[in-house]
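Overview (structure and organization)
In case you want the letters, here they are:
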2 protein chains.
Amino acid sequence: MDIAALRDKHPEHWRKAAAIRTLTLDAVAAANSGHSGMPMGMADVATVLFDKHMKFDPKAPTWADRDRFILSVGHGSMLLYSVLHLTGYEEVPLEEIKNFRQWGSKTAGHPESEYLDAVETTTGPLGQGIANSVGFAIAEEMLRAKYGPKIVDHYTWVMAGDGCLMEGVSQEAIALAGMQKLSKLVVFFDDNGITIDGKVSLADVTDQAKRFEASGWHVQSIDGHDPDAIDAAIEAAKADPRPSMIACKTHIALGSSAQDTAKGHGALTDGQLIADTKAAYGWEHGPFEIPQDVKAQWEAMGARGARAHEEWRERFDALSERKRIEFERAFAGEAPKALSTKIRAFKKEALENAKPVASRKSSEMVLNVVNGVMTETVGGSADLTGSNNTRSGDMEVFSPDNRSGRYIHYGIREHGMAAAMNGIALHGGLRPYGGTFMAFTDYARGAMRLSALMHQPVVYVMTHDSIGLGEDGPTHQPVEHLSMLRATPNTYVFRPADTVETAEAWEIALTTTDRPSVLALSRQNLAPVRSEHKTKNLVEQGAYVLREAGEKRRAILMASGSEVEIAVAARDILEAEGIGVRVVSVPCMELFAAQDEAYRKRVLPAGPVRVAVEAGVRQSWDRLLLGERGREQKAGFVGMEGFGASAPAPTLYEKFGITAEAVAEKVRALL
Amino acid sequence: MDIAALRDKHPEHWRKAAAIRTLTLDAVAAANSGHSGMPMGMADVATVLFDKHMKFDPKAPTWADRDRFILSVGHGSMLLYSVLHLTGYEEVPLEEIKNFRQWGSKTAGHPESEYLDAVETTTGPLGQGIANSVGFAIAEEMLRAKYGPKIVDHYTWVMAGDGCLMEGVSQEAIALAGMQKLSKLVVFFDDNGITIDGKVSLADVTDQAKRFEASGWHVQSIDGHDPDAIDAAIEAAKADPRPSMIACKTHIALGSSAQDTAKGHGALTDGQLIADTKAAYGWEHGPFEIPQDVKAQWEAMGARGARAHEEWRERFDALSERKRIEFERAFAGEAPKALSTKIRAFKKEALENAKPVASRKSSEMVLNVVNGVMTETVGGSADLTGSNNTRSGDMEVFSPDNRSGRYIHYGIREHGMAAAMNGIALHGGLRPYGGTFMAFTDYARGAMRLSALMHQPVVYVMTHDSIGLGEDGPTHQPVEHLSMLRATPNTYVFRPADTVETAEAWEIALTTTDRPSVLALSRQNLAPVRSEHKTKNLVEQGAYVLREAGEKRRAILMASGSEVEIAVAARDILEAEGIGVRVVSVPCMELFAAQDEAYRKRVLPAGPVRVAVEAGVRQSWDRLLLGERGREQKAGFVGMEGFGASAPAPTLYEKFGITAEAVAEKVRALL
């Protein structure tokens, strides 16, 4: 690579881009870890994008109408941190750059959205960023339709690498974006031909341009080090009505002795290599030193954005008060006040008309209420609309022809759906929920974990939540999934027992702002277990006494969801035998764990035998069964020990021994 | 659709295909559940394939050189069951067809490989079959190179639907197959334009032909109801040196009133609809009735295969005895006798040269031994070869130019890798292992669960198994994953503490035949904890006493992997204070649970305080901490309660409080 020629041809551009490159070299060297190659390769694209196109205001990183910049190739975090520092984001002073990858710094190894406002989404697990970006672009289209282009009109820019494009989730994202004609989504593909194992050709021969075109994208291929070509390609991308992919031929670790090699992907920390590279760049400044003229040019980009922000603010202030309040409430993630009233009324009515109903169906009944009062909800399903019951009666379908639609047919793409929902939530102004079969959380895990890590209140509507789904068999029957989800930090796992609990779970999920919720819902009908109307949301306590012992209390049965009615029936058997049994409904273990100790002890006093019932593996119940510190009471479990089978649901419950009689027998044996 | 014209044009073919269609209608009606549409749509393709091309012997479903038929679109299981019954597989008598989807029947809702020999792989979760098929085709290439084309020379045929192709894992599979030029892989795409939610166009506009071509596939588009076109396309696919995709335009639920609709995807059980459809087919036979001439024609297909099998057997018998024995041993999944001897010698040597080493590196040292004696191992990594340490010194890379290579660069495709490994294992004759970072089990879960469900001894080499990986931060730091994996039935989760335990874990993983193993390995160096050479494999017991209490035993510390040395150090602190502490190493909870009660009580006697240490969440430890039935002893846990952070590993252990002193303090507090 003739670096001198690059420098000479565009000297001003070169120095701006070199600032990214040298900050990267210096930060990685200081941390003695990180990834140098990608920022060095993509610095030219980033420079042109921020210089000429990106709409952003460093003084207001959360301005609603900013362009979103998604670094899908998250290991290249120093590119983002460099740009944020250079353009003047107060949250990224030079000190943060110097503390790259250290305890307590905001400049984590990969960009973490919870540490920096300007990090739109947490990336690192490859493919997530590009899949999030589809959600961002969908949100922009929806909100533009809702508030008008004077208020919402921005681009979503993505940098993705070979790794992102090899991950399957990228295909789900690309296909969805192409179908939805998300014209304001632009992906820069860092086409450097190198992965960790060596050349891309070791594992891939895909013609990426052709692949994107196959899903309806506008595609260009350019020299990623030529600022004029980059600028022209961005202009063309903006002009085209399709989502755009710009394949940028770049040299990883440009200008260093590790250029175009797998070594260049990682941490370049050798002093001589760094010195030689800086010399090749014509960069005569000390470590972390940015000359004033270069810094000023970067800051001017931010100043341009600040003016755009001011103009936007004027337009926003001209909106009706109602619109402004609605906009700000939705962006703050606050549910409308009417929600709780409506849910309460629904609960009352549900009790009055109590009848056996599948909790997935109860969920639909709740959504029919919710979607009427919360105009910011965005529903969807991974091609199981009629099974997940996710589309309420009034929801129109979002499509290129109807940007006002609030329901998304995500296709058979659980992972892409979850990642897109993260993007919609991160964008702000909307509240996404989406459904699939609970067993297929396996497909969506990669993005569901990120909902939790990023504190995004995405709602996962996971129906067919046990062997109770019957004939579809073990591939479709979750067994370990409840324990898996409960093991995941910062996630609410709700498994409501009837219509009232389903409504209460939804209310919590929709008023929570700092974590995702999973609703585990039954395919089969569930008998109502709540018999008395309470204004209070009992699910908020996580677990509560559903039936008190009639006789002297000798046992406590705990259960969730479809097994609560089994526990109630077991209680009836035992009480008839003179054995006093309390039944505790446990719709949400995480919320129960968050109650104070006094409440927890009141619900689960030490002493009486405890038996839990759930049509899943035991693991997540052990704590409630055995007590935090042990030495409390005898305990047993009725549930699954292995995978399920294909047969009608009642047969399966019988054959796997999840019955009221089996529970009663377990209690008798322990007494 | 003019059914009469189809019937008239190819009357003999029509009746054979109609047998699949009517058996499907009858079985679904009897079960009152299932999926009628796909078998009715793809019956023509299946008929031509089995009639003219498929190499199979119904009397020997596990014949090593049979063609593999993969029904990726698993909900169309009645297509497969029909063909198996019609061609004369003894394991699928008519009774099984009549018991479709019932308890105890082999004809589960989706094809389950553990129920029927002729089911090559369990499908149902969409995309898995097509991704498995890449593994099958890789195995065929490898074994052909190893044993010659007289012994191994067969096709892998796949039926995939829109759902399979929308799932991201299919992209990973398609790209890998294209790069590897797997010429004996042929995918029939059931291009019927319908999904559960409605028309495919609701969620996808992808030009699938172009997409496959972009990854180097040979592509054809045909009328999927024209037997001549199907036959010609298969011939062309066989002749082409690339993997082939044949897009078959079909009508879902052909000939019924639900044809070409989403309703047709599901269970068609209406009596009138069935009668009308059969009338349109010109099928005048009763339910489950197959006229003798049609049955005879199907059975003749099987007879053709039986002759091919006989000829193959002659060629096989002509092999050298050594080759025959090796072939049969490998297909039986038996490890060579030399393995244990070599592992034992390795353990001895490791103790003699004991030094701190990362367990991922220990794993590589073991593989250097293993891959020398076990020629059936197939290694690989999802683009982290140098980090997972999965490529032993002597391993060549498998590629179109070197089919003798035993190492696969899977690319950045964790899900595709896991699914391909399932295919390799299912094919037989080879033993796959593959690596990625442990946090990315999230990406591979869909296929990992199927390894467990299918009892396939795939080995997952999951390195960077905790916050101990340091600076890459929370996205890369597994926290909940050990509990998640331990919650999964039929899976061994090994977390070895040092080089000796790593060798023992590998030995078990490589001699196990009925389940997958996960090796959770550290990035950071681990101090050796085993001090005395034992011939016996101690990891086989799952947990064992590593250090006995010196003083009177008042506490038991349990730990796995990188935290065992912390437990040992905590013991030293406490013993110095006069508190007797036993340390139990727990490399595999599943194996410990499988020991008899006497052993378990010996290792973990009730009474002494128990504290577990693991740099992950507590959930999976509760049982060991608290006892199966409760009321045993006081207990505590030192580990993670939430996600990790980005910083050097020693800092993270300190900041998250996973230290010997913290463990000692927990014990003191409980005493």
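Residues numbered from 1 in each chain as written. Chains lettered and ligands numbered in written order. Predicted model: local features only at pLDDT ≥ 70, side-chain atom pairs only at ≥ 80, totals over all residues. Heavy atoms only, no water.

**Examining the overall build of chain A**
Within chain A, the regular secondary structure consists of 26 helices and 20 strands. Dimensions along the principal axes, computed over C-alpha positions, put chain A at roughly 95 × 55 × 45 Å. A total of 671 residues make up chain A; the buried ones form 70% of that total. Here chain A holds 75 positive side-chain charges and 89 negative ones, and the gap between their average locations is 5 Å. (Helix = DSSP H or I, 4+ residues; strand = E, 2+ residues; numbered from the N terminus. Buried < 20%, exposed > 50% of the residue type's maximum accessible area, 1.4 Å probe, protein only. Lys, Arg positive; Asp, Glu negative; His and termini not counted. Charge placed at Lys NZ, Arg CZ, Asp CG, Glu CD.)

**Here we look at the pairing of strand 12 (residues 459–463) of chain B**
Residues and elements named next belong to chain B. Taking burial as the measure, the five residues of strand 12 include five buried ones, the bulk of the element. Side-chain alternation along strand 12 places Val459, Val461 and Thr463 on one buried face and Tyr460 and Met462 on a second face that is also buried. Between strand 11 (residues 431–437) and its parallel partner strand 12, the chain crosses via helix 18 (residues 441–453), and the hand of that crossover is right-handed. Sheet topology note: the strand 12/strand 14 (residues 517–520) ladder contains four bridges and is parallel. If you follow Val461 over to strand 14, its bridge partner there is Leu519. (Right-handed = clockwise from strand over helix to strand, strands pointing away. Pairing = 2+ DSSP bridges.)

**Things to note about the sheet that holds strand 20 (residues 635–638) of chain B**
Strands pair in a sheet through their backbones, by hydrogen bonds, and they do so in one of two ways: parallel or antiparallel. Residues and elements named next belong to chain B. Within the open sheet, the five strands sit side by side as 16-18-17-19-20. Their pairing is mixed. Two strands close off the open sheet at either side, each with one partner strand: strand 16 (544–547) and strand 20. Here the strands of the sheet are splayed against their neighbours by 30 degrees on average, with no regard to which way each runs. (Axes fitted to C-alpha atoms, helices over the stretch in contact; angles between N-to-C directions.)

**Notes on the UniProt feature "active site" (unreviewed entry) in chain A**
With numbering aligned to this structure, UniProt lists the feature "active site" (unreviewed entry) at Glu414(A). Relative to the helices and strands, Glu414(A) resides in helix 17 (residues 414–427). By relative accessible area, which is 4% here, Glu414(A) ends up buried. When sequence neighbours within four positions are dropped, the list of residues in contact with Glu414(A) reads Glu172(A), Ala382(A), Thr436(A), Phe440(A), Tyr443(A), Ala444(A) and Glu167(B). (UniProt positions renumbered as here; feature names shortened; annotations may be inferred. Contact = heavy atoms within 4.5 Å.)

**A few points about the packing of aromatic side chains**
Overall, the coordinates contain 40 aromatic pairs over all chains when judged by the stated rule. Summarising the aromatic geometry, the rings of Phe50(A) and Phe56(A) are spaced 5.2 Å apart at their centres and angled 75 degrees between planes, so their arrangement reads as edge-to-face. By relative accessible area, which is 3% here, Phe50(A) ends up buried. Taken together, a centroid distance of 5.3 Å and an interplanar angle of 75 degrees make the contact between Phe50(B) and Phe69(B) edge-to-face. You can see Phe50(B) sitting in helix 3 (residues 37–53) and its partner Phe69(B) sitting in strand 1 (residues 68–71), a full 19 residues away along the chain. One exposure class covers both Phe50(B) and Phe69(B), and it is buried. An aromatic cluster of three or more residues is present, and its members are Trp63(A), Tyr147(A), Trp312(A), Phe316(A), Phe327(A) and Phe331(A). (Phe/Tyr/Trp six-rings, centres within 6.5 Å; stacked < 30°, edge-to-face > 60°.)

**Observations regarding the pattern of salt bridges**
All names here are of chain A. Under the criterion given, the structure shown has 86 salt bridges over all chains. For the salt bridge of Arg530 with Glu504, the shortest nitrogen-to-oxygen distance reads 2.6 Å. With Arg530 in the loop between strand 15 (525–526) and strand 16 (544–547) and Glu504 in helix 20 (residues 499–511), this residue pair connects regions lying 26 residues apart in the sequence. As far as the burial class goes, Arg530 and Glu504 line up, both buried. Between Arg668 and Glu661 there is a salt bridge, and its shortest N-O distance comes to 3.0 Å. Its relative accessible area of 40% is what places Glu661 among the partly exposed residues. Residues participating in the shared-partner salt-bridge network are Asp465, Arg486, Arg495, Glu563 and Glu614. (Salt bridge = Lys/Arg side-chain N within 4 Å of Asp/Glu carboxyl O.)

**A word on the relation of the copies chain A and chain B**
The operation relating the two chain copies consists of a rotation about an axis and a shift along that axis. Of the transformation placing chain A onto chain B, the axial shift is 0.0 Å and the rotation is 180 degrees, giving an RMSD of 0.0 Å. In the structure described here, the two chain copies are related by an operation that fits a two-fold rotation axis. (Least-squares fit on C-alpha atoms with pLDDT ≥ 70 in both.)

**A few points about the UniProt feature "binding site: thiamine diphosphate" (unreviewed entry) in chain A**
Under the feature "binding site: thiamine diphosphate" (unreviewed entry), the UniProt entry names His75(A), Gly124(A), Pro125(A), Leu126(A), Gly163(A), Asn192(A), His265(A) and Phe440(A). The largest pairwise C-alpha distance within this set of annotated residues, which runs over 366 residues, is 34.2 Å, so the set is dispersed in three dimensions. Relative to the assigned elements, Gly163(A) resides in helix 7 (residues 162–166). For Gly163(A), a relative accessible area of 10% translates into the label buried. For Gly163(A), the contacting residues outside a window of four places in its chain are Leu126(A) and Ile412(B). Mapped onto the fold, Phe440(A) is located in the loop between strand 11 (431–437) and helix 18 (441–453). Excluding residues that lie within four positions of it along the chain, Phe440(A) makes contacts with Glu414(A), Thr475(A), His476(A) and Pro125(B).

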